[in-house]
Amino acid sequence: MGEDRGKYDFYLGLGLAVSSSIFIGGSFILKKKGLLRLARKGSMRAGQGGHAYLKEWLWWAGLLSMGAGEAANFAAYAFAPATLVTPLGALSVLVSAVLSSYFLTERLNLHGKLGCLLSILGSTTMVIHAPQEEEISSLDHMSEKLVDPAFLSFAIVVIIVALIFIFVVGPRHGQSNILVYITICSVIGSLSVSCVKGLGIAIKEAIAGKDVVGNPLAWILLLGLLACVSTQINYLNKALDIFNTSLVTPIYYVFFTTSVLSCSAILFKEWGHMGAGDVIGTLSGFLTIIVGIFLLHAFKDVSVSLSSLAVSMRKDERPAANGVASHYELLHESTGDMEDREMGLPFDSVSRRNGAMTSSLDH
């Protein structure tokens, strides 16, 4: 019975994670459609300080869609392992890219299509090999995990690294190095996911009728989540404001997911009961998603398609063919001259020289 319940929770969390990506990916399209409609009407754009989008129903639909996606993502952590839920966040980027090619007439080039395919393959691989057992089922169990020496050491290191980057490295190199602000967001993000996981368990206990409001751990997790999320938003906005989005998005995904996977392995011990094949499969799926996200973003401004590749291949073949033909003609002429010399035709040689002399005399 417990095993069946664990599988039910796993697939429920998986469904919530996938639906979260669909809602969040679709929210970007709805918001963009609303902003474009306002631009066609001549309203002041949001980038110029305008707030006319507050009167556009498409923008509100996008905001509600994003809210539903974040709520589904929050709930997914209560049922499925963080090792599964966090990497599947890449599907929102895939959904946004695919929908924008249909509804925003933004071209999805060959690299983007390959990136989408690799992201789907990587996500499928991670779903197959992700741990299906849940290690923490109550707040009491969560409190035991939080005071574990391994996690305490990890949390102390994360906080020290974040403070060093915020107060020492950031003011000096934050404007020139893309990794500074992204590192702050990523390491703090690993703690925020832990808080979300704990709050999800608290909500499950509250639904079951247990007293959660009187438990101080629930309030500590809530305050920790607010502090972590506000820090993430602040420094992620700085990174997006300074650097290209096509670089920030894949790098942040890699750093953030790696931090979460590390925290999950230490706190929730989700990797402890995985076989070697499942560990390799999970890591391979994660790396495949990374490559897919990189292809989707790094080359999105490059116009490449199968037809253009075929044309370029034909262009490359033509000079090569012409070069072979000219080489054959030269070889044929030189062979003819050698045959003439071997046969010894002095009259032809004299005639050629006399022709050349005659033409020079005519000039």
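Cut-offs applied
- Residues numbered from 1 in each chain as written.
- Predicted model: local features only at pLDDT ≥ 70, side-chain atom pairs only at ≥ 80, totals over all residues.
- Heavy atoms only, no water.
- Patch = residues over 30% accessible without salt bridge, like charges linked within 9 Å, V, L, I, M, F, W, Y side chains within 5 Å.
- Areas by Shrake-Rupley, 256 points an atom, 1.4 Å probe, with all protein chains shown as cover.
- Salt bridge = Lys/Arg side-chain N within 4 Å of Asp/Glu carboxyl O.
- Helix = DSSP H or I, 4+ residues; strand = E, 2+ residues; numbered from the N terminus.
- Buried < 20%, exposed > 50% of the residue type's maximum accessible area, 1.4 Å probe, protein only.
- Phe/Tyr/Trp six-rings, centres within 6.5 Å; stacked < 30°, edge-to-face > 60°.
- Expected span 1.5 Å × (residues − 1).
- Polar contact = N/O pair within 3.5 Å; in protein donor to acceptor, adjacent residues only side chain to side chain.
- Contact = heavy atoms within 4.5 Å.
- UniProt positions renumbered as here; feature names shortened; annotations may be inferred.
- pLDDT = per-residue confidence, 0-100.
- Axes fitted to C-alpha atoms, helices over the stretch in contact; angles between N-to-C directions.
- Parallel < 35°, antiparallel > 145°, perpendicular 65-115°, else oblique.
- Left-handed = near helix turned anticlockwise from the far one by under 90°.
- Nonpolar A, V, L, I, M, F, W, Y, C, P; charged D, E, K, R; others polar.
- Bend = angle between axes of the 7 residues up to and from the residue.

Draft legend 1. Geometry of a nonpolar patch on the surface. Nonpolar side chains collect at one region of the surface, where Ile156, Ile159, Ile160, Leu163, Ile164, Phe167 and Val168 lie side by side and expose about 650 Å² of accessible area between them. Assignment of secondary structure puts Leu163 in helix H7 (residues 149-173). With a relative accessible area of 43%, Leu163 lands in the partly exposed category.

Draft legend 2. Layout of the packing of aromatic side chains. Following the criterion strictly, the structure yields five aromatic pairs and no others. Plain terms: the ring middles of Tyr252 and Phe256 are 5.6 Å apart, the flat faces sit at 20 degrees to each other, and that makes the pair stacked. A residue pair is termed a helical-turn pair when its members lie 3 or 4 positions apart in one helix, as Tyr252 and Phe256 do in helix H10 (residues 245-267) at four residues.

Draft legend 3. Broad picture of helix H9 (residues 216-242). Counted at 1.5 Å a residue, the expected span for H9 with its 27 residues is 39 Å, and the 40 Å between its end C-alpha atoms agrees. What H9 keeps buried is the set Leu217, Ala218, Leu221, Leu225, Cys228, Gln232, Tyr235 and Ala239. Where H9 starts, the residue carrying a side-chain oxygen 3.0 Å from the main-chain nitrogen of Leu217 turns out to be Asn215.

Draft legend 4. Inspection of the environment of Ile136 at higher detail. When you line up the elements, Ile136 lands in the loop between helix H5 (110-129) and helix H6 (139-146). Residue Ile136 is classed as buried on the basis of its relative accessible area of 2%. Considering only alpha carbons, one finds Ile136 and Pro81, 55 residues apart in sequence, at a separation of 9.7 Å. Once you skip the residues sitting within four places of it in the chain, Ile136 turns out to touch His141, Met142, Lys145, Ile201 and Phe268.

Draft legend 5. Layout of the UniProt feature "transmembrane region" (unreviewed entry) in the protein chain. The feature "transmembrane region" (unreviewed entry), as given by UniProt, occupies residues 12-30, 57-79, 85-105, 150-171, 178-204, 216-235, 247-268 and 280-299 in the numbering adopted here. A distance of 33 Å separates the end C-alpha atoms of residues 57-79, which is 100% helix and 0% strand. Along residues 216-235, the helical share is 100% and the strand share 0%, with 29 Å between the first and last C-alpha atoms.

Draft legend 6. Spatial organisation of the confidence of the model for the protein chain. Across the protein chain, pLDDT averages 77, with 77% of residues at or above 70. Per-element averaging of pLDDT across the protein chain places helix H13 (residues 346-362) at the bottom with 39 and H7 at the top with 93. The low-confidence segment residues 338-363, where pLDDT is below 50, has three contacts with residues more than four positions distant or belonging to other chains.

Draft legend 7. Representation of the packing of H6 against H9. Two elements in contact, H6 and H9, have axes separated by 10 Å at closest approach and are oriented at 60 degrees. Relative to H9, H6 is oriented oblique. Helix-helix and strand crossings are classified by hand; for H6 and H9 the assignment is left-handed. Residues Leu139, Met142, Ser143 and Leu146 of H6 form the contact with H9, whose own contacting residues are Leu217, Ala218 and Leu221.

Draft legend 8. Just the packing of helix H8 (residues 178-207) against H9, in detail. For the pair H8 and H9, the least separation of the axes is 8 Å and the interaxial angle reads 150 degrees. With respect to H9, the element H8 is oriented roughly antiparallel. Helix-helix and strand crossings are classified by hand; for H8 and H9 the assignment is left-handed. Class assignment of the residues belonging to the contact of H8 with H9 gives a composition of 18 nonpolar, six polar and one charged.

Draft legend 9. Seen up close, H7. Helix length check: H7 (25 residues) gives 33 Å between terminal C-alpha atoms against 36 Å at 1.5 Å per residue, within 8%. By the largest-angle criterion, Phe165 marks the main kink of H7, which is about 40 degrees. Those residues of H7 not exposed but buried are Phe151, Phe154, Ala155, Val158, Ala162, Ile166 and Gly170. Its side-chain oxygen placed 3.1 Å from the backbone nitrogen of Ala150, Asp148 serves as the N-cap of H7.

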